[in-house]
Amino acid sequence: MNPSIDPNLETLGQPSAVVSRRRLFSLGLPKCNDLSERRFPLTPEGARMLVEQGFTVRMESGAADTIHYTDNQYAAAGVRIVSRREVLGSDIVIHLADIHPADVRQMRCGAMLLTLMTPVRVNRDTLIALLDRHIISVAINLIRDDRGNLPFADILDEVDGRAAMARASSFLADSVHGKGILLGGVAGVVPCEVMIIGSGIAACAAARSACGAGALVRMFDSDVYRLREATRQLGSSVIASAMHPRVVSNALRTADVVIYTSVDQSPVFGSETISDMKRGLIIFDLSDEPGVAFPSLPTIDLALASPLDISPTEPSRACYVNAGSAVARTAAMALSNTFITMFSQLVDCDGVTNALNLHPGLQTATFTFLGKAVNRRVAEIIGRRHVDIRIFLTLS
């Protein structure tokens, strides 16, 4: 025995390190079977950041093919590549397009669904399935942050505006299916005219891209205060005007590109107005209800369009919609950044119901809650009574 060691001391085993950590949510990323929705909520880098925070991220094989990321890239980031059933059994499922009722029935009772909800993305059968399964459904485009902003809707609007101008420029420059002209022209050649209806985020994003390319930009809105704020941001390069019928009509006759975004008083352009427009005019509808403003024109979904569908020089014109899905990878990067911020705020929440209690911005975006319709429009669609979600949250 070593004489320097006190024989009265008892030798104890070294305690193993114990990490006590609250269980975080599991996130499910199923493959979207809607061909018109090419965007995806998380990139591998974004998924890695959530995994490092303690979230369990599950993804269906091939779910991110539309943004050209492989399963191996997600697996290297810590994502579990599993079956669709396992993905749908997660605490939170992210599915941007309208989800099929059969998929809803595979979700865990009381789970949360994060999706995009617009007037054209509301399916009655899906809503009933969500209520029957007691799913907490949240429209991400209606989520508000602490400052009252709409982080998901705003970033998607910005992507739409920039994507629309990028596609418009390529359509015009196409010597086969387009006019073979530059959007901004060159010295001695008059630039193209871009007419933008609305002055929100999508409209301003389109205007910035058009001005940067050298185009002549005219912006119209019925809300003069919002129009003033937009021109303050964009500068004197944008010609702004209230939506006087004669001024709008004259601008439509000379425009090479028309970008229509949501406005308070939505105009409707009939066949007579369309017939007065230029041959080869490019029209993009970035509103919540695409096609309503141009009822006489067929719509072309840019997520599905092939070069043969894009022939603006033909006598029959078309209205292009879903611009954001045409640049699905950029949209995915933007969405991923926003989801990371959102989920980082939910780290300390114990369950999805508690998350709604702690974050009022989620409450206003919820449209089904534990078997009840808590959104007035949803309640009208399915013919059920609308219930205020705050009643349930107060009692829970």
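Residues numbered from 1 in each chain as written. Predicted model: local features only at pLDDT ≥ 70, side-chain atom pairs only at ≥ 80, totals over all residues. Heavy atoms only, no water.

Draft legend 1. Broad picture of the sheet that holds strand β8 (residues 216-221). One open sheet holds the seven strands; their spatial order is β9-β8-β7-β10-β11-β13-β12, and the pairing between them is parallel. At either end of the open sheet lies a strand with only one pairing partner, and these are β9 (238-242) and β12 (299-301). Direction aside, neighbouring strands of the sheet carry axes that sit 25° apart on average. In this structure, strand β7 (residues 193-197) lies alongside β8, joined through five bridges in parallel fashion. The residue of β8 that forms the bridge with E193 is L216. Sitting on the sheet, helix α6 (residues 151-173) touches β7, β10 (257-260), β11 (282-285) and β13 (319-321), and the angle it makes with β11 is about 160°. (Pairing = 2+ DSSP bridges. Helix = DSSP H or I, 4+ residues; strand = E, 2+ residues; numbered from the N terminus. Axes fitted to C-alpha atoms, helices over the stretch in contact; angles between N-to-C directions. Contact = heavy atoms within 4.5 Å.)

Draft legend 2. Summary view of the pairing of β9. In this structure, β8 lies alongside β9, joined through five bridges in parallel fashion. Paired with M219 across the two strands is A240, which belongs to β9. For the crossover from β8 across helix α8 (residues 224-234) to β9, the handedness is right-handed. (Right-handed = clockwise from strand over helix to strand, strands pointing away.)

Draft legend 3. Representation of helix α9 (residues 245-254) in the model. All of the buried residues along α9 are V248, A251 and L252. Projected down its long axis, α9 shows its buried positions confined to an angular sector of 100°, all on one face. In this fold, the buried residues of α9 make contact with β7, β8, β10 and α10 (271-275). (Buried < 20%, exposed > 50% of the residue type's maximum accessible area, 1.4 Å probe, protein only. Arc of directions from axis to C-beta.)

Draft legend 4. Up close: the packing of aromatic side chains. Applying the stated criterion to the full structure yields eleven aromatic pairs. Here F55 and F343 contribute two aromatic rings whose centre-to-centre distance is 5.8 Å and whose plane-to-plane angle is 55°, an arrangement assigned as tilted. Taken together, the residues span a long stretch of sequence, with F55 in the loop between α1 (44-53) and β2 (56-60) and F343 in helix α11 (residues 328-344) at a distance of 288 residues. Since its relative accessible area comes to 0%, F343 is described here as buried. In this structure an aromatic cluster arises from ring pairing among F25, F55, F152, F339 and F343. (Phe/Tyr/Trp six-rings, centres within 6.5 Å; stacked < 30°, edge-to-face > 60°.)

Draft legend 5. Summary view of a positive patch on the surface. A surface patch of positive charge is lined by R124, K372, R384 and R385. Within the secondary structure, R385 is located in the loop between α14 (376-382) and α15 (389-395). (Patch = residues over 30% accessible without salt bridge, like charges linked within 9 Å, V, L, I, M, F, W, Y side chains within 5 Å. Areas by Shrake-Rupley, 256 points an atom, 1.4 Å probe, with all protein chains shown as cover. Salt bridge = Lys/Arg side-chain N within 4 Å of Asp/Glu carboxyl O. Lys, Arg positive; Asp, Glu negative; His and termini not counted. Charge placed at Lys NZ, Arg CZ, Asp CG, Glu CD.)

Draft legend 6. Representation of unusual backbone geometry in the model. Of note, the phi angle at H68 is positive, near 60°, even though the residue is not glycine. Inspection of the secondary structure assignment puts H68 in the loop between β2 and α2 (71-76). Here the phi dihedral of L370 falls at roughly 50°; this positive angle occurs in a residue that is not glycine. Mapped onto the fold, L370 is located in the loop between β14 (366-369) and β15 (372-373).

Draft legend 7. Inspection of α11 at higher detail. Taking 1.5 Å as the rise per residue, α11 with 17 residues should run 24 Å; its terminal C-alpha atoms sit 24 Å apart, in good agreement. Regarding α11, the residues found buried are A328, A331, A332, A334, L335, S336, T338, F339, I340, M342 and F343. Buried positions along α11 lie against β1 (26-29), α1, β4 (92-94), β5 (112-115), α6 and α13 (360-363). (Expected span 1.5 Å × (residues − 1).)

Draft legend 8. Highlighting the pattern of salt bridges. Under the defined criterion, the tally for this structure stands at eleven salt bridges. Between R390 and D388 there is a salt bridge; the shortest N-O distance is 2.8 Å. Judged by relative accessible area, which is 53%, R390 ranks as exposed. Taking relative accessible area as the criterion, D388 reaches 27% and is therefore assigned partly exposed.

Draft legend 9. Spotlight on the environment of L227. Of note, L227 is situated in helix α8. Residue classification places L227 among the buried positions, given a relative accessible area of 6%. As a C-alpha pair, L227 and G198 span 29 residues in sequence and 7.9 Å in three-dimensional space. Setting aside residues no more than four positions away along its own chain, L227 makes contact with S199, M219, F220, D221, A240, S241 and A242.

Read these as spatial facts, not as claims about activity.
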